[in-house]
Amino acid sequence: MAAIAKPRHELRLYVAGTTPRSLRAVQNVKRICDAALPDQYVLEVVDVYKEPGRLAKDQVIAIPTLIKFAPGELKRLVGDLSQEDQVRKGLGLLAA
Amino acid sequence: MKLSEAKAAPISDDLQTRLAASESRVAELESRLAEAEETLHAIRTGQVDALVVAGPDGDQIFALEGADHAYRILVEEMQEGTVTLDQSGLILYANRQFASMVRLPVESIVGSSISRFLPPDRRTTFSTLLAETDGTRQRSELTLMADDGLRVPVTISLNRLETGGINTVCAVITDLTEQRHYEAMVKDGELSRSILDQAIESIVVIDARGKILRVSESARKLAGRDVLLRHFDSVFEFWDRDQKVDAPRLLSAARSDNGIRSIEVILHHTDGADSTLLLSAGPLWSSSRDLLGCVVTLTDITERKETEEALGRQAHELERMNSDLKQFAYAVSHDLREPIRIVANYSQLLEKKYKDKLDEHADGYIRHTVNAAHRLERLLDDLLAYTQTAETQHTVEAPLDANVVLAKTLNMLDTALAESGARIESDALPMLWVEEIHLQQLFQNLIANSLKYRSDGLLRIRITAQAGKDMWTLGVSDNGIGIDPQYHEHIFGLFKRLHGGSKYSGSGMGLAICQKIVERYQGRIWVESEPGRGSNFLFTLPKET
């Protein structure tokens, strides 16, 4: 084996159409993950206007919300994700 | 247990005071937590209309349902695709229509780069376009590549937008597939109309629901009225035996690739008349292999059909008559032979036994009877030969040396030739693809004719051969009495004799038999002659089988 694969990050980002914060959230999460987790994450972007039914399931009350399902315990991050350190901490990406 | 009840040990005043403060602080927090939970609960359960959020310019009110909600629905439901891109081409937002254009669920589109959906050779151009887009609208036509490889022609219009501190480009994408399709149809329209109108056949083009889209001029005449945009089944009623050939049948046949090839159908006209037509139907595919409709081609064969039927009836009738005639001729020639032979034999016996024993008259009567009986015998032999000429139908396997056949024939006629003192000359004759018996009959009948119809001087008979393109022309010419041109055709008929029985004997069947033989080999026979200048009988026979 070439290398032991790191656990894959499973992420879901809730956005609301084209609001600036939603757009920024998409941009930020892509930037952070592409830098720290290239090809090691799955990101699903859910637009609450297209699928309002999914809000209750993940208990989202604010948009944007990024949910990390794996690895480790479930973690929610609210806002446009522009505070990079906090996002990295939330996703468990701070250097050990 | 409440904190105030914990009085097990004496406590200092200071501690007492701090404890009280903490107690009231916890109570306050508890109450605020309860309030927050209630608020969250109220929001989560939909008990509020709007949220107030503090911003740099004071509080902002965010309506949960309102005017902009309607716009969002509009954006999601509209027929155009929309995407919001950042500077690098990253898709930050896409509506449902765009997702269906590129055939992917919308969740897996947001976060991808737009270049994923562009043909490789257009990616650089598009990046430049994106960078140059300012506040004014930019339009461009390009091809999107859907996730499954389908190519979708689109126009894309780009507009730069800067709100909330984020620099984006909004793109509205219009699918041109349908429009391209209609443009192509309009462009082809003129050409196809003139082709349709000049076609002799009737052509009807129907769409996938059976509506008539185009008709050729002759199809319009067939319908007897204007039929555009009417349903095929309300205009035409075609029957294939007892089955109706309607639009559903045509379309399902067209869909199954083979279509319909030239089936005979009957069209019932409103005036009660029927037409017979040949019907073909083929599919009309779109570039994406959807069945757009079908093309029905009709050829009116009513007249041809009627002529064919009349000819068929005539041929059948002729064949029946011919076969009756053959049977009759065979029966006559075959069945009459025996009684005639008896008449001939007994009259000869009478002649032998009673000649010079009766009176002069009786001798004359007996002689006439014997002659007549012999003539009748010969007539029947010839008639039998004639009826049998056409019956032998086996093919010739090897060519025959005509010189040999001529020599054999002359040998057979030896006595008659010697008596006539005729001088016979012959060209070198070719090899011929005929049966020996047939060639022999030809030579024998024609030479016998020359011997029979001779003039008073020395009889000269000449056999000639001349090569043509596909046929040899053979001739038997003499210096006999000749034939008046008015009888040149007449003489080949059955039982035709130009002269009475007394001077020239014969059954009148020789030339009829010759003609029948020659025609069997697709040749012909004719005569060149004038009275007093001899005759030249010519016939053709094939060079090869």
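That block above? That's the structure.
> Help me understand the overall build of chain A, please; the structure alone is not making it clear to me.
On a plain count of helices and strands, chain A comes out with 3 helices and 4 strands. Walking chain A from its N terminus toward its C terminus, one meets helices and strands in the order β-α-β-α-β-β-α. Expressed as a percentage of the 96 residues in chain A, the buried residues total 34%.

> Can you walk me through the overall build of chain B in this structure?
Along its length, chain B carries 15 helices and 21 strands. Looking at chain B as a whole, 22% of its 545 residues qualify as buried. In chain B, the proportion of contacts linking residues at least 24 apart, taken out of those at least 6 apart, comes to 52%.

> What's the story with the sheet that holds strand β12 (residues 260-268) of chain B in this structure? I'm lost.
In a beta sheet, neighbouring strands pair by backbone hydrogen bonds and run either parallel or antiparallel. Residues and elements named next belong to chain B. One open sheet accounts for 7 strands, arranged β9-β8-β14-β13-β12-β10-β11; its pairing is antiparallel. Unpaired on one side and paired on the other, β9 (212-215) and β11 (243-245) mark the two borders of the sheet. Across this sheet, the average inter-strand angle for adjacent strands is 35 degrees, counted without regard to direction. As paired elements, β12 and strand β13 (residues 274-285) share 7 bridges and run antiparallel to each other. In the sheet register, Ile-263 faces β13, and the bridge partner there is Leu-279.

> I would appreciate a short explanation of the packing of helix α10 (residues 337-354) of chain B against helix α11 (residues 360-389) of chain B in the present structure.
In helix packing, the relevant descriptors are the interaxial angle and the interaxial distance, both defined with respect to the helix axes. Residue and element names in this part refer to chain B. Packing of α10 against α11 leaves a shortest axis separation of 9 Å and a crossing angle of 150 degrees. The orientation of α10 with respect to α11, classified from their angle, is roughly antiparallel. By crossing handedness, the relation of α10 to α11 is classed as left-handed. Residues Arg-337, Ile-340, Arg-341, Val-343, Ala-344, Ser-347, Gln-348, Leu-350 and Glu-351 of α10 form the contact with α11, whose own contacting residues are Ile-366, Arg-367, Thr-369, Val-370, Ala-373, His-374, Leu-376, Glu-377 and Leu-380. Class assignment for the residues of the contact of α10 with α11 results in 9 nonpolar, 4 polar and 5 charged.

> Would you explain the interface of chain B and chain A in this entry?
Note on interface size: it is often stated as the accessible area lost on association of the parts. Taken together, the 20 residues of chain B in the interface contact 17 residues of chain A. Looking at the side of chain B that touches chain A, the elements with two or more residues in it are α1 (13-44), α2 (67-77), β3 (81-86), β4 (91-94) and β7 (166-175) of chain B.

> Quick question: what am I supposed to make of the sheet that holds strand β4 (residues 75-78) of chain A here?
Residue and element names in this part refer to chain A. Within the open sheet, the 4 strands sit side by side as β2-β1-β3-β4. Their pairing is mixed. On the outer flanks of this sheet lie β2 (41-47) and β4, each paired with one strand and no other. Averaged over all pairs of adjacent strands, the angle between their axes in this sheet comes to 20 degrees, without regard to strand direction. Examined bridge by bridge, strand β1 (residues 9-15) and β2 share 7 bridges and lie parallel to one another. Within the sheet, the bridge partner assigned to Arg-12 lies in β2 and is Glu-44. Running over the sheet, helix α1 (residues 20-36) touches β1, β2 and β3 (65-70) and is turned about 165 degrees from β1.

> Where do I start with the nonpolar core in this structure?
Soluble, globular proteins show a tendency: their nonpolar side chains are buried together. Core analysis: the largest hydrophobic core is formed by 45 residues, its most contacted members being Leu-13 and Val-26 of chain A together with Ile-91, Ala-94 and Val-110 of chain B. Listing elements by their share of this core, those giving two or more residues are β1, α1 and β2 of chain A together with β3, β4, α3 (96-101), β6 (151-163) and β7 of chain B. Here Val-110 of chain B is in contact with Val-26 and Val-45 of chain A together with Ile-91, Leu-92, Tyr-93 and Ala-94 of chain B, once residues within four sequence places are set aside. In terms of nonpolar packing, the next biggest core, distinct from the first, is built from 33 residues, Val-405, Leu-511, Tyr-521 and Phe-537 of chain B among them.

> Please explain helix α9 (residues 302-335) of chain B as it appears in this structure.
Side chains of residues three or four places apart in an α-helix project in the same direction, reflecting 3.6 residues per turn. Under the 1.5 Å per step criterion, the end-to-end length of α9 of chain B is 48 Å for 34 residues, consistent within 8% with the ideal 50 Å. Of all 34 residues in α9 of chain B, 0 are buried; the element is thus mostly exposed.

> Sorry if this is basic, but what is going on with helix α8 (residues 247-255) of chain B here?
Residue and element names in this part refer to chain B. Restricting attention to buried positions, one finds in α8 the residues Ala-247, Leu-250, Leu-251, Ala-253 and Ala-254. Looking straight down α8, one finds that the buried residues subtend no more than 160 degrees of arc, so they occupy a single side. Elements in contact with the buried residues of α8: β8 (202-207), α7 (232-235), β11, β12, β13 and β14 (291-300).

> I would appreciate a short explanation of unusual backbone geometry in the present structure.
The phi torsion of most residues other than glycine is negative, and most of the peptide bonds are trans. Cis geometry is found at the peptide bond from Ala-70 of chain A to Pro-71 of chain A, where omega equals 0 degrees. The backbone phi angle of Arg-241 of chain B is positive, close to 50 degrees, even though this residue is not glycine. Assessed through the 8 C-beta atoms surrounding it within 10 Å, Arg-241 of chain B is described here as exposed. In this structure, Asp-356 of chain B takes a positive phi of about 70 degrees despite not being glycine. Given 8 C-beta atoms within 10 Å, Asp-356 of chain B falls into the exposed group.

> Is there a simple way to explain the pairing of β4 of chain A in this structure?
Consecutive side chains along a regular strand alternate between the two faces of the sheet. Residue and element names in this part refer to chain A. Sheet analysis places β3 next to β4, joined by 4 bridges and oriented antiparallel. Counterpart to Lys-68 in the pairing with β4 is Lys-75. Once β3 ends, the chain turns through 4 residues before running back antiparallel as β4, passing Gly-72 with a positive phi of about 75 degrees.

> Even after reading the chapter, I still don't get the environment of Leu-384 of chain B, so can you show me in this structure?
Residue and element names in this part refer to chain B. Mapped onto the secondary structure, Leu-384 falls in helix α11. In the structure, Leu-384 is positioned 58 residues away from Lys-326 in sequence and 9.9 Å away in space, judged by C-alpha atoms. Not counting the four nearest positions on each side in its chain, Leu-384 is found in contact with Ser-333 and His-334.

> It is not clear to me how the environment of Pro-283 of chain B should be interpreted in this structure. Could you clarify?
Residue and element names in this part refer to chain B. With respect to the helices and strands, the residue Pro-283 is situated in strand β13. The class of Pro-283 is buried, set by 20 C-beta atoms lying within 10 Å. Placed 32 residues apart in sequence, Pro-283 and Leu-251 show a C-alpha to C-alpha distance of 7.5 Å. Among residues more than four places away in sequence, those in contact with Pro-283 are Ala-254, Arg-255, Gly-259, Leu-291 and Cys-294.

Conventions adopted
- Residues numbered from 1 in each chain as written.
- Chains lettered and ligands numbered in written order.
- Predicted model: local features only at pLDDT ≥ 70, side-chain atom pairs only at ≥ 80, totals over all residues.
- Helix = DSSP H or I, 4+ residues; strand = E, 2+ residues; numbered from the N terminus.
- Buried ≥ 20, exposed ≤ 12 C-beta atoms within 10 Å, placed from the backbone.
- Contact = placed C-beta atoms within 7 Å.
- Pairing = 2+ DSSP bridges.
- Axes fitted to C-alpha atoms, helices over the stretch in contact; angles between N-to-C directions.
- Parallel < 35°, antiparallel > 145°, perpendicular 65-115°, else oblique.
- Left-handed = near helix turned anticlockwise from the far one by under 90°.
- Nonpolar A, V, L, I, M, F, W, Y, C, P; charged D, E, K, R; others polar.
- Core = buried A, V, L, I, M, F, W, Y, C linked by C-beta atoms within 7 Å.
- Expected span 1.5 Å × (residues − 1).
- Arc of directions from axis to C-beta.

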